[in-house]
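Close look at the chain arrangement
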Protein chains: 2
Amino acid sequence: MFSKTTEYALRAAIYIAQKSTADKKLGIAEIAKAIDSPQSFTAKIIQQLTRGNTLVSSVRGPNGGFFMTEKAKRLPVRVILDLMGEDSKFQTCILGLKQCSELKPCPMHFEYKPIKEQLISLFADRSIESLAEDINNEHAFINSRNKRG
Amino acid sequence: MFSKTTEYALRAAIYIAQKSTADKKLGIAEIAKAIDSPQSFTAKIIQQLTRGNTLVSSVRGPNGGFFMTEKAKRLPVRVILDLMGEDSKFQTCILGLKQCSELKPCPMHFEYKPIKEQLISLFADRSIESLAEDINNEHAFINSRNKRG
DNA sequence: ATATTTAAGGATATATTTATCCTTTATTAT
DNA sequence: ATAATAAAGGATAAATATATCCTTAAATAT
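In this report, the structure presented in the accompanying data block is examined. All values reported here derive from a predicted model rather than from experimental measurement.

Considerations on the packing of helix H1 (residues 4-19) of chain B against helix H2 (residues 28-35) of chain B
Residue and element names in this part refer to chain B. The contact between H1 and H2 brings their axes to 10 Å, and the two run at 115 degrees. One way to sum up the angle between H1 and H2 is to call them roughly perpendicular. Our pair here, H1 against H2, has a crossing hand that is right-handed. Contacts from Tyr8, Arg11, Ala12, Tyr15 and Ile16 in H1 reach Glu30, Ile31, Ala34 and Ile35 in H2. Grouping the constituent residues of the contact of H1 with H2 by class yields seven nonpolar, no polar and two charged.

Encoded structure:
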């Protein structure tokens, strides 16, 4: 579905939404370990997510790190894809044809269309924090220790 | 969604289903031109689709080429993905987590699940020929000249 | 001011995907 | 048999994605 790069971006952003506040910043080492991704590479990716200062915020130096404001957590998941340059991910033809359209549909166009629309609205309608809600405290983030008990 | 390789495979197989019979084989040059793909690369990909002799058939020499039997045309689209080694494409976690499951779901698991199921059944239930049915004769295969008029 | 901490950024390495070219093999037509 | 045709297959190149390392810049604590 997504490239590894985008998978790391989604995991990182969702994790930061789950675990950080303006008062509780997360270091790159913690994030990379929690989401099971290569640290240096993830650092570059999170850099991209800080561009424009709308999604992820960062502070350098001691007690610095990454965090998301409450406002940022309410943004749609789509914003992550936008910052990764994957915003047209679901807009494209499933067979990769540039000229595929309603008027000149590819052989899978109408079969794929309703599914594509659900994918688009999944990312457009759901906020990052709505996903981050950790209902049963057993999310599949490998190294996070979410259990309270 | 898919890699370019898989996109070419889908386009090629669908095109061969549309245009070939055992008596009317298609050359690699025609196929590559019709589906707008690099010829040599597409040749390798179609080779993969001939493995096991269940989907695409090939004959060498003069009047040779590629074709699909009527039986092959009735196979589900999924078979193309299988031969390309992309059979688990939709089975995987949308965030790329290996340990994502019903018991330990990733933050998008349940939101993505119904969409994933539709994708799986699109490829499992629909036959290649059912897609290939060229309803309005204006498919987005760039260089095919489907118009009868 | 200085040292320490942590992200930002540049340069480079590695792996994988995508693509081309050339030779070989099978089949057909003469 | 020989030449022509078309796919099969091997070797290699180019492009892109993935990943690491090192230096720089900013913020904090002392």
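Side note on the packing of aromatic side chains
In this structure the tally under the stated criterion is eight aromatic pairs over all chains. Geometrically, the ring pair formed by A:Tyr8 and A:Phe41 is edge-to-face, given 6.0 Å between the ring centres and 85 degrees between the ring planes. You can see A:Tyr8 sitting in helix H1 (residues 4-19) and its partner A:Phe41 sitting in helix H3 (residues 39-50), a full 33 residues away along the chain. On the accessibility criterion, A:Phe41 (39% relative accessible area) is partly exposed. An angle of 40 degrees between the planes, with centres 5.2 Å apart, marks the rings of B:Phe90 and B:Phe123 as tilted. Of the two residues, B:Phe90 sits in the loop between helix H5 (78-83) and helix H6 (109-125) while B:Phe123 sits in helix H6, which places them 33 residues apart along the sequence. Residue B:Phe90 is classed as buried on the basis of its relative accessible area of 5%. Between the NZ or CZ atom of A:Lys25 and the centre of the ring of A:Phe67, over which it lies, the distance is 5.6 Å.

A few points about the protein's contact with DNA strand C
Near DNA strand C lie 26 residues; those nearest to it are A:Lys44, A:Ser58, B:Thr5, B:Pro38 and B:Pro62. Restricting the count to atoms of DNA strand C within 4 Å of the protein gives a sugar and phosphate share of 62%. One of the side-chain nitrogen or oxygen atoms of B:Arg60 is found 3.0 Å away from a base oxygen of DNA strand C. B:Asn63 is positioned such that a nitrogen or oxygen atom in its side chain is 3.2 Å from a phosphate oxygen of DNA strand C.

Quick look at unusual backbone geometry
Phi is positive for A:Asp36, which is not a glycine, with a value near 60 degrees. Among the secondary structure elements, A:Asp36 is positioned in the loop between helix H2 (28-35) and H3. Positive phi values are uncommon outside glycine, yet B:Asn53 reaches one of about 55 degrees. Inspection of the secondary structure assignment puts B:Asn53 in the loop between helix H3 (39-50) and strand S1 (57-59).

Overview of the relation of the copies chain B and chain A
Mapping chain B onto chain A leaves a residual RMSD of 0.0 Å; the transformation is a rotation of 180 degrees accompanied by 0.0 Å of translation along its axis. These values place the two chain copies in the arrangement generated by a two-fold rotation axis. Minimal C-alpha separation from the rotation axis in chain B is found for B:Met1, amounting to 2.5 Å. Taken as a fraction of all interface residues of chain B, those also at the interface in chain A reach 100%, which identifies the copy contact as same-surface.

With respect to the interface of chain B and chain A
Each partner contributes residues to the interface: chain B has 36 residues there, and chain A has 36 residues. The contact between chain B and chain A buries some 3,500 Å² in all, and 67% of this surface belongs to carbon and sulfur atoms. Considering only the side of chain B, the residues that lose the most area to chain A are B:Met1, B:Pro107 and B:Ala140, jointly responsible for 18% of the buried surface there. A salt bridge links A:Glu111 to B:Arg126, with the shortest nitrogen-to-oxygen separation between them at 3.3 Å. Scanning the region where chain B abuts chain A turns up five residue pairs in polar contact (both at pLDDT 80 or more). In terms of residues, the side of chain B that touches chain A owes the most to one element, H6(B), which gives seven residues. Taken together, the residues of the side of chain B that touches chain A break down into 23 nonpolar, six polar and seven charged.

Parameters at a glance
Residues numbered from 1 in each chain as written. Chains lettered and ligands numbered in written order. Predicted model: local features only at pLDDT ≥ 70, side-chain atom pairs only at ≥ 80, totals over all residues. Heavy atoms only, no water. Axes fitted to C-alpha atoms, helices over the stretch in contact; angles between N-to-C directions. Helix = DSSP H or I, 4+ residues; strand = E, 2+ residues; numbered from the N terminus. Parallel < 35°, antiparallel > 145°, perpendicular 65-115°, else oblique. Left-handed = near helix turned anticlockwise from the far one by under 90°. Contact = heavy atoms within 4.5 Å. Nonpolar A, V, L, I, M, F, W, Y, C, P; charged D, E, K, R; others polar. Phe/Tyr/Trp six-rings, centres within 6.5 Å; stacked < 30°, edge-to-face > 60°. Buried < 20%, exposed > 50% of the residue type's maximum accessible area, 1.4 Å probe, protein only. Lys NZ or Arg CZ within 6 Å of the ring centre and 35° of its normal. Near = heavy atom within 4 Å. Polar contact = N/O pair within 3.5 Å; in protein donor to acceptor, adjacent residues only side chain to side chain. Least-squares fit on C-alpha atoms with pLDDT ≥ 70 in both. Buried area = accessible area lost by both parts, 1.4 Å probe. Salt bridge = Lys/Arg side-chain N within 4 Å of Asp/Glu carboxyl O.

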